[in-house]
Amino acid sequence: MTVPIQSIVAGAAMALSGATAEPPEPQDPQPSQPAKNVFNPQMSIVTDFRGILIDNHGEKEWKLNELEFGFAADVDPFLRAEAYISVHKSGHHHHEEGMEEGLDEYEIEIEEAFGVYSGLGGGWQVKLGKFAGAVGRIQRNHIDQLNFLDYPFVIQDLFGDHGLRAPGVHASYLFPGQQFLELTLEAVQAEDGPLFEHAKLDKPVWIGRLRTFFDFSEDLSAQLGGSILTGPRDEDRATVFGLDYTMKWQPGQKGQSAVFEAEAYWANSNEPGFSSTFGAFAALTYQVAPRVFLTGRFDYSELPGTSDVRRGFGGNVTYRLSEFQLLRLELMRITSNFDDPRTVLTFQFQYLIGAHPAHKY
Amino acid sequence: MRIAIIASLLLFGLTRAVATINVVTTTQDLASIARAVGGSRVSVSSIVTGARDPHFIEARPSYMSRVASANLFIAIGLDLEVGYERPILDGSRNRRVAIGQPGHLYASAGCLILDRRTDVSRADGDVHPHGNPHIWLDPYNARQMAWNIRGALIRVDPAGRDDYEKNALAFLDRVDRAMFGAALVDRFGTSTLWTWSQDGRLMQRLRENGAAAQLSGWAGKMAPAAGQAIISYHRSWIYFANRFGLQVVAELEPKPGIEPTPGHLASVVEIARSRNVKAIVQEPFYSRGAADFVAGRTQAKVLVLPGSVGHTPVATDYFKLMDVIVDSVSSALR
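On a predicted model such as this, the values are computed, not experimentally measured, just so you know. (Residues numbered from 1 in each chain as written. Chains lettered and ligands numbered in written order. Predicted model: local features only at pLDDT ≥ 70, side-chain atom pairs only at ≥ 80, totals over all residues.)

(A) Up close: the domain arrangement of chain B. Residues and elements named next belong to chain B. Domain boundaries assigned for chain B yield domain 1 (19-172) and domain 2 (216-332). The distance between the C-alpha centroids of domain 1 and domain 2 comes to 25 Å. With 25 residues of domain 1 at the interface, the matching set in domain 2 holds 22 residues. For the side of domain 1 that touches domain 2, the secondary structure elements donating two or more residues are helix H2 (28-38) and helix H5 (139-156). (Domains from an automatic or database assignment. Contact = placed C-beta atoms within 7 Å. Helix = DSSP H or I, 4+ residues; strand = E, 2+ residues; numbered from the N terminus.)

Here you go:
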């Protein structure tokens, strides 16, 4: 309770000011942390369990869909590191045709593992490692941050089931001023996917993204982004243009919110016979009670390099008992020009243990 | 010569304008105190605006732009801002205000911290292992926060030291007089009064010194309510209760961050009846349904009060916030 230095400083200050107040004495000095845990990274585990309750294509099952391990810590005063490791079922195609029969094994995938320098100054941030490409907004989120079961069809059909996650280098610049404007440039060695093939260090997939943000009011805000990608498609090149728009209504009253999220992509290639493709996704999530959310979603996707098209209409009800767990029931109706219509009703049980999740926009 | 003087004055004025210290705080309570301590040398804005739960703020990109030009970032700490502080700081790319840098402050340092836990589990809800973060509703902690902000401002703007010292002491003096009344402050000094308050023996000591009648201010208004039981929605009123001798006998949330359940509310009704609870206190962003349920079955009155500066139009600064709370609670418990 004795604070001689503070008292000396305060005494001098009081002499200066003539005030009668006495400075506070610290009531509860922070105790030293237990040394055994203090340098451990923040850790979290997201468990995603699902039941395919109805599927007119016959794939009814319970499955431990995925475990996602997350780690984050400061490496030193300059570098912060994050890693996300997913253990999920092989042949992870929830709404796709052609799932291999009897495939019941799990595979480990390093979804992201990167170091990021945020203190370079001048508005720059640099990331090195494997990370989610700066393509739209939704595919950069992890499964616990989605308002629906899976990534939009267009993301899966262009970049793969888990989106575009690849090793490479990222540099982004935040323009000065009160209006948020961020430019991102990336060069990544994307794995072979539906669109890009045979990317290498000296023949990467280049990604550029510009995003801005609007605070219309305390309650209403929106983010608008544009992405452009160009990279190898075997011996040819493929290019993607994307637009994404997210609008959120978040009044202060607990239990009320609405989120509209939409993304659209145009893909093209100079590969002979490749006709340009288009895909889009839109979803509206409305919070009807403190724990209950309703989502409606629409998917449209032209599969690159083919004349195949698939559409999805669906919706879900999500019950969030706390910030750390949810129960969800999602019904999807999928139609295409290459298969019979498919109706899928999926139950999802997801929970998170460990570090508190980030409240990302 | 005249032109040179005018030019010098303009240049000086320009320099002063450019040198304004840009302070970004997480909560409006911090912003209010920072404005009082920083005075005309600082420009202060808060991330949380209006009546919002400071636990559940999202890291809007616009916050990153605002923090990008900040000289000082002030958060409460104690994991109140755990969901959004780091994404905002990293997204701002502003190394001056990174955690551990001179431009970053956790204002809770040195404050009286309640509910500090050594055995932590989320089975207890969304708990804060380093302590309950709603520290600002104890005026003593507001003093400590002001003193901490003064130190941080001196770090980032040493030239303003005299101003910050003077303003901080003036803020402390204003808190002291608002808390105990001018007569007692002048008679006993603030250190003595706060020590008695902290020990829970303020009224006893004042009676022993024949000064009980001189007690006024917030402590004076709340003194008749000492020992009474209240219920709160969230565990956000314990600092206020602790300072003024109230007992928070139940929360409407069964655990912190968990929505009220019918079974829990039934038990709260029993507690309210058995403890003769007269007031249920909650912030304006919570639904009144649970509180009305309990109030309708007991003699308790629902008080929707600003838990922070800016929660209601009247609570425009720290003193008006405390005035509103003290007036409402003391009236309800009369």
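(B) Structural detail: the sheet that holds strand E1 (residues 21-25) of chain B. Residue and element names in this part refer to chain B. Across the sheet, four strands lie side by side as E2-E1-E3-E4; this open sheet has parallel pairing. Sheet topology places strand E2 (42-46) and strand E4 (104-106) at the edges, where each strand pairs with a single neighbour. Going from strand to strand, the sheet's axes swing by 20° on average, the running direction of each strand aside. Bridging between E1 and strand E3 (residues 72-75) involves three bridges; their strand directions are parallel. (Pairing = 2+ DSSP bridges. Axes fitted to C-alpha atoms, helices over the stretch in contact; angles between N-to-C directions.)

(C) Structural context of the packing of H2 of chain B against H5 of chain B. Residue and element names in this part refer to chain B. Where H2 meets H5, the axes come as close as 9 Å, and the angle between the chain directions of the two elements is 55°. Put simply, H2 runs oblique to H5. The way H2 lies across H5 gives a crossing that is right-handed. Contacts from Leu-30, Ile-33, Ala-34, Ala-36, Val-37 and Gly-38 in H2 reach Ala-142, Met-145, Ala-146, Ile-149, Arg-150 and Leu-153 in H5. Residues that form the contact of H2 with H5 fall into these classes: ten nonpolar, one polar and one charged. (Parallel < 35°, antiparallel > 145°, perpendicular 65-115°, else oblique. Left-handed = near helix turned anticlockwise from the far one by under 90°. Nonpolar A, V, L, I, M, F, W, Y, C, P; charged D, E, K, R; others polar.)

(D) Main features of the interface of chain A and chain B. Listed as interface residues are 48 residues of chain A and, on the opposing side, 53 residues of chain B. Mapped by element, the contributors of at least two residues to the side of chain A that touches chain B are helix H1 (4-17), strand E5 (124-132), strand E8 (205-215) and strand E9 (220-233) of chain A. Broken down by element, the residue count for the side of chain A that touches chain B peaks at four residues, all from H1 of chain A. Among the residues making up the side of chain A that touches chain B, the classes are represented as 19 nonpolar, 20 polar and nine charged.

(E) Structural detail: the nonpolar core. Of all hydrophobic cores here, the largest spans 114 residues; its most connected members are Ile-33, Leu-72, Ile-74, Ala-146, Ile-149 and Val-294 of chain B. Split by domain, this core shows at least three residues from each of two domains, domain 1 (19-172) and domain 2 (216-332) of chain B. Setting aside residues up to four positions removed in sequence, Leu-72 of chain B forms contacts with Ile-21, Val-23, Val-97, Gly-103, Leu-105, Ala-152, Leu-153 and Val-156 of chain B. In terms of nonpolar packing, the next biggest core, distinct from the first, is built from 29 residues, Ala-166, Val-205, Val-240 and Phe-281 of chain A among them. (Core = buried A, V, L, I, M, F, W, Y, C linked by C-beta atoms within 7 Å. Buried ≥ 20, exposed ≤ 12 C-beta atoms within 10 Å, placed from the backbone.)

(F) Structural view of the sheet that holds strand E6 (residues 247-251) of chain B. All names here are of chain B. Read from one edge of the open sheet, four strands run E6-E5-E7-E8, paired in parallel fashion. Where the open sheet ends on each side, the last strands, each with one partner, are E6 and strand E8 (301-304). If you compare each strand with its neighbour and ignore which way they point, the axes differ by 30° on average. Pairing of strand E7 (residues 279-282) with E8, which is carried by four bridges, proceeds in the parallel orientation. Note on E8: the bridge partner recorded for Ala-279 is Lys-301. In the packing of helix H14 (residues 318-332) onto the sheet, the strands contacted are E7 and E8, and the crossing angle to E8 comes to about 180°.

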